[in-house]
Amino acid sequence: MIQTTARRLTPALLLTRMRDRPPGLTSGLLGGALAAGLGLAAFATLVILLWISSPYPDSGPDGALHIAAALWLLAHGTELIRTDTLSGVPAPLGVPPLLLLTVPVWLLHRAARDATDGDASDEAPLVDGPTAWAGVVLGYLAVGVPAALYAAGGELRPAWASAGVCVPLVAVLAAGAGVWRAYGCPSGPLERTVGALLPRGVRHLLLGPDGRLGVAARAATAGAAVLVGGGALLLTVSLVWHGGETQAAFLRLTEGWSGRAAVLLLGVVLLPNAAVWAAAYALGPGFLLGAGTAVTPFASTPAPLLPAFPLLAAVPDAGPGTPVNWAAGAVPLAAGVVTGWFVGKGATATGHPAPAEREGRRSGRAPDAAWSRSRMAGAAGAAAVLCATLLALSAALAGGPMGVVALSRFGPVWWQTGGATLVWIGPVATATALAVRARRCRTPRDEPVERAPAGAGPGAGTQAWVPRIGRPRRRPPEGEARTTGARRPPGASSPYDFLPAGPAPAGPGALPAPGAPAVPPAPRAPEPPNTPEPPPAV
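Residues numbered from 1 in each chain as written. Predicted model: local features only at pLDDT ≥ 70, side-chain atom pairs only at ≥ 80, totals over all residues. Heavy atoms only, no water.

**What about the overall build of the protein?**
Rule in force here: Strands are runs of DSSP state E lasting at least two residues, helices are runs of H or I lasting at least four, and both sets are numbered from the N terminus onward. To sort residues, take the accessible area from a 1.4 Å probe on protein chains only and compare it with the maximum for the residue type: under 20% means buried, over 50% means exposed, and anything in between is partly exposed. Whether two residues are in contact is decided by their heavy atoms: any pair within 4.5 Å suffices. Every accessible area reported is derived by Shrake-Rupley at a probe size of 1.4 Å, with residue values counting cover from the shown protein chains alone.
The helix and strand tally for the protein stands at 17 helices and eight strands. For the protein, the proportion of its 538 residues judged to be buried stands at 36%. For the protein, long-range pairs separated by at least 24 residues make up 72% of all intrachain contacts whose partners lie at least 6 apart in sequence. Looking at the protein as shown, the accessible area adds up to about 32,000 Å², and 66% of this sits on carbon and sulfur atoms.

Here's what the structure looks like:
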């Protein structure tokens, strides 16, 4: 007989159970809504501060809040429409400052990690990944949709098609990255997804138990970082070269410390965009300053009348390219070398040390532990494709329309930038990876062999040659002399290798040297009889 008892849950017990329960969809919803609210609050604080410090505000607090909501949408890549133009024709504004994109991405990433980890202890399991991810995305969009509707009533209105794609896309990717990081960055789901999308031959070259996909991803990230960093270096050099024009544009654009502070802040948030533009310039395709106005290292078309903005003063002068302009090609060359070095290092990192390394001599990697040349070339090609994808995506985000007609195309063309990256990185990375493989897998050398004394054999006067194909040369034990004479094939051993190399003194039971005539042993002398010694005298 089983007795059941119905116990009523007291409020204290209910609160305890709710507090001890692992977070789920509700925690994700709250985290996503909080991330969106913090992002809007950050933009609103910045805009309100600039509005208060402006000596000639054009609108009230309501207009400033509308601009803050529009900037929050622009940070996600949403295209805005300007309605207060001189001609009365609405003009698009589609160049999002890439530095502002880090604000929503970081907030979403943290919200997803917190929703997955929760307040549970280290021993408790993590929250289900799809549940936490869905909660964060839905909570973020629950705040983003009203913000977009509110921004539609201002002078900067969002383009609904762009807002409906960019904001959910950023939320999905950033929250997914946060959940992935919370689970320790597992490679299984990513490899299964890539394996399902790739053909069988490419899948065999790219995926494997040795982590080829991870090696290619790290190499591509390093190559893209070198490209963008080199672009930032080119931008800095050009700004210093055109220092007078840059200073004049900064001072002429506005008056007063508040306006100049706003211009300086705008220039800072656009620095990543300018670095991507400079990287596209170094790759060859360059960028556009309007429809039909291209700026490349080989030639620059005269640009139309541009606004006096400090970053635009760094644009090279119109005319054919010079060797100074062509020197920008060193940036993609360095990026290809770095990409190939990461591939070569990752391809030989699993090798076991050669025997010479264990004996204290110069180290190396065993040749059979590294990837094959075809596998390494495939990994270098995959890294080049991933790097080209990153640069194409960056170019697409860094450019866009700045108006109509002449300014309808502004910035690098994404497909040209991606194609040029693939052409530059692919061959250079493959050649560098093969060179790194050959260097790291090279068999270490021992000390030079001593020359044999004259007359020791048919090989006297030359260095003893020991074949070592794929393995290091064996060091003879201490006290053992080196053998000289004719060369022996690899693996051949003499039945007398255990004997000393030099002539041994003849004695009873001594074996003759190889090839020497048999000599009979000398007769043994009779030993004297053992006589007892006399006792010592007392």
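Let's pick the thread back up.
**Notes on the packing of helix α14 (residues 330–348) against helix α16 (residues 373–398)**
Basically, it comes down to this: For every element, the axis is a line fit to its C-alpha atoms; helices are fit only across the contacting stretch, and the angle between N-to-C directions ranges from 0 to 180 degrees. Working rule for angles: under 35 degrees goes down as roughly parallel, over 145 as roughly antiparallel, 65 to 115 as roughly perpendicular, anything else as oblique. Should the near helix be turned anticlockwise from the far one by less than a right angle, the crossing is termed left-handed; should it be turned clockwise, right-handed. Residues are grouped as follows: Ala, Val, Leu, Ile, Met, Phe, Trp, Tyr, Cys and Pro are nonpolar; Asp, Glu, Lys and Arg are charged; all remaining types, including Gly, are polar.
Closest axis-to-axis distance for the α14/α16 pair is 10 Å, and the angle between their directions is 140°. In terms of their interaxial angle, α14 and α16 are classed as oblique. Viewed along their axes, α14 and α16 form a crossing whose handedness is right-handed. Only Met376, Ala379, Ala380 and Ala383 of α16 make contact with α14, whose side of the interface consists of Thr339, Val343, Gly344 and Ala347. Class assignment of the residues belonging to the contact of α14 with α16 gives a composition of six nonpolar, two polar and no charged.

**Considerations on unusual backbone geometry**
Among all residues except glycine, the phi angle is most often negative; among peptide bonds, the trans geometry is most common. One non-glycine residue with positive phi stands out, namely Cys185, at about 55°. Counting through the fold element by element, Cys185 comes out in the loop between α6 (160–182) and α7 (188–197).

**Remarks on the packing of aromatic side chains**
To keep it simple, the criterion reads: Aromatic rings from Phe, Tyr and Trp, taking only the six-membered ring of Trp, are treated as a pair when their centres fall within 6.5 Å; an angle between ring planes under 30 degrees marks them as stacked, one over 60 as edge-to-face, and anything in between as tilted.
Overall, the coordinates contain five aromatic pairs when judged by the stated rule. Plain terms: the ring middles of Tyr281 and Phe287 are 6.4 Å apart, the flat faces sit at 45° to each other, and that makes the pair tilted. Neither Tyr281 nor Phe287 differs from the other in exposure class; each is buried. One aromatic cluster is present, built from ring pairs that chain together Trp277, Tyr281, Phe287 and Phe410.

**Some thoughts on empty space enclosed by the protein**
What counts is decided by this rule: Note on definitions: the grid is 1 Å and covers protein atoms alone; a cavity is a set of points where a 1.4 Å probe fits but cannot get out; a pocket is an open set with protein on both sides within 12 Å along at least five of seven lines; lining residues have an atom within 4 Å of a point. Grid points are joined across faces, edges and corners, and a volume is the space filled by probe spheres set on the points.
Evaluation of the coordinates by the stated rule reveals one cavity of 30 Å³ or more. Size it by volume and the largest cavity reaches roughly 30 Å³. Lining the largest cavity are Ala75, His76, Gly77, Pro96, Pro97, Leu98, Leu101 and Leu397. Split into classes, the residues belonging to the lining of the largest cavity amount to six nonpolar, two polar and no charged.

**Describing the environment of Trp133**
Within the element layout of this structure, Trp133 appears in helix α5 (residues 129–151). Along the sequence, Trp133 and Val179 sit 46 residues apart, while their C-alpha atoms lie 6.6 Å from each other. If near-sequence neighbours (up to four positions away) are discounted, Trp133 is found in contact with Val172, Ala175, Gly176 and Val179.

**Brief notes about the sheet that holds strand β1 (residues 80–82)**
Going by this rule: Paired strands, in this sense, are two strands between which DSSP finds at least two bridges.
Read across the open sheet, the three strands follow the order β2-β1-β3; overall the sheet is antiparallel. Two strands lie at the open edges of the sheet, namely β2 (91–93) and β3 (156–158), each paired on one side alone. Going from strand to strand, the sheet's axes swing by 35° on average, the running direction of each strand aside. Sheet topology places β1 next to β3; three bridges connect them, and they run antiparallel. Counterpart to Arg82 in the pairing with β3 is Leu156.

**Here we look at the environment of Gly346**
Within the fold, Gly346 resides in helix α14. Distance in space between the C-alpha atoms of Gly346 and Ala370 is 9.4 Å, their sequence separation being 24 residues. Beyond its immediate sequence surroundings of up to four residues, Gly346 is in contact with Val215 and Trp371.

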